[in-house]
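These are the residues of each chain, in order.
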Amino acid sequence: LHVPFMRAAQPKSEREEPHLHPSFRKMMKQAPKPSKTELRVLAWEYLKDTTFPVTRVELVPHTGRTHQLRVHCAALGFPIVGDDIYGYYKAAG
């Protein structure tokens, strides 16, 4: 079982819309379909060999929407670490 990490400890400025990945912002403008995910926090820790705070979670999808777990985590403001579609985005420059 691979348990995902969520980025759960960050300054408020990092959670604001300009930092969200363009794919996530585009998806949020579309009409959402009903979906449900159960989330349970397993541990708060740091990513190996870093000072990057993460939260280990168990995610249980109760519906089967495309990218559901990734979208729900990002919508909460805590994308899955390494998610290159719905994670945080840093523009060049």
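Residues numbered from 1 in each chain as written. Predicted model: local features only at pLDDT ≥ 70, side-chain atom pairs only at ≥ 80, totals over all residues. Heavy atoms only, no water.

Trainee: What should I look at first to understand the overall build of the protein in this one?
Mentor: Each helix and strand in the protein was counted, giving 3 helices and 3 strands. Out of the 93 residues belonging to the protein, those deemed buried represent 25%. When contacts within the protein are restricted to residue pairs at least 6 apart in sequence, long-range pairs at least 24 apart make up 60% of them. Total accessible area on the protein stands at roughly 6700 Å², and carbon and sulfur atoms take up 56% of it. (Helix = DSSP H or I, 4+ residues; strand = E, 2+ residues; numbered from the N terminus. Buried < 20%, exposed > 50% of the residue type's maximum accessible area, 1.4 Å probe, protein only. Contact = heavy atoms within 4.5 Å. Areas by Shrake-Rupley, 256 points an atom, 1.4 Å probe, with all protein chains shown as cover.)

Trainee: Explain the pattern of salt bridges to me, please; I cannot follow it from the model alone.
Mentor: Side chains that differ in charge, positive against negative, can pair when their charged atoms come close. The tally for this structure, following the rule as stated, stands at 3 salt bridges. We note a salt bridge from R56 to E45, for which the minimum N-O separation is 3.2 Å. Placement of R56 in strand 3 (residues 53-61) and of E45 in strand 2 (residues 37-46) is noted, with a sequence separation of 11 residues between them. Assessed through its relative accessible area of 26%, R56 is described here as partly exposed. (Salt bridge = Lys/Arg side-chain N within 4 Å of Asp/Glu carboxyl O.)

Trainee: What am I meant to see in the confidence of the model for the protein here?
Mentor: In low-pLDDT regions, the fine details of the predicted coordinates are not to be read closely. Taken residue by residue, the protein gives an average pLDDT of 75. The fraction at 70 or more is 63%. Summarising per-element confidence for the protein, the mean pLDDT is lowest in helix 1 (residues 12-15) (47) and highest in strand 2 (92). In this model residues 7-15 is a low-confidence stretch, pLDDT under 50, and it forms 21 contacts with partners more than four residues away in sequence or in other chains. (pLDDT = per-residue confidence, 0-100.)

Trainee: I'm lost on the pairing of strand 3 in this one. Help?
Mentor: Within a regular strand, the side chains alternate between the two sheet faces. In the sheet, strand 2 pairs with strand 3 via 9 bridges, with the strands oriented antiparallel. Along strand 3, the bridge assignment pairs V41 with V57. (Pairing = 2+ DSSP bridges.)

Trainee: Looking at this structure, I do not really get helix 3 (residues 68-75). What am I missing?
Mentor: Given 3.6 residues to a turn, an α-helix orients residues that are three or four positions apart in the same direction. Among the residues of helix 3, those classed as buried are Q68, V71, C73 and A74. Within two residues after helix 3, G77 carries a phi angle of roughly 95°, on the positive side.

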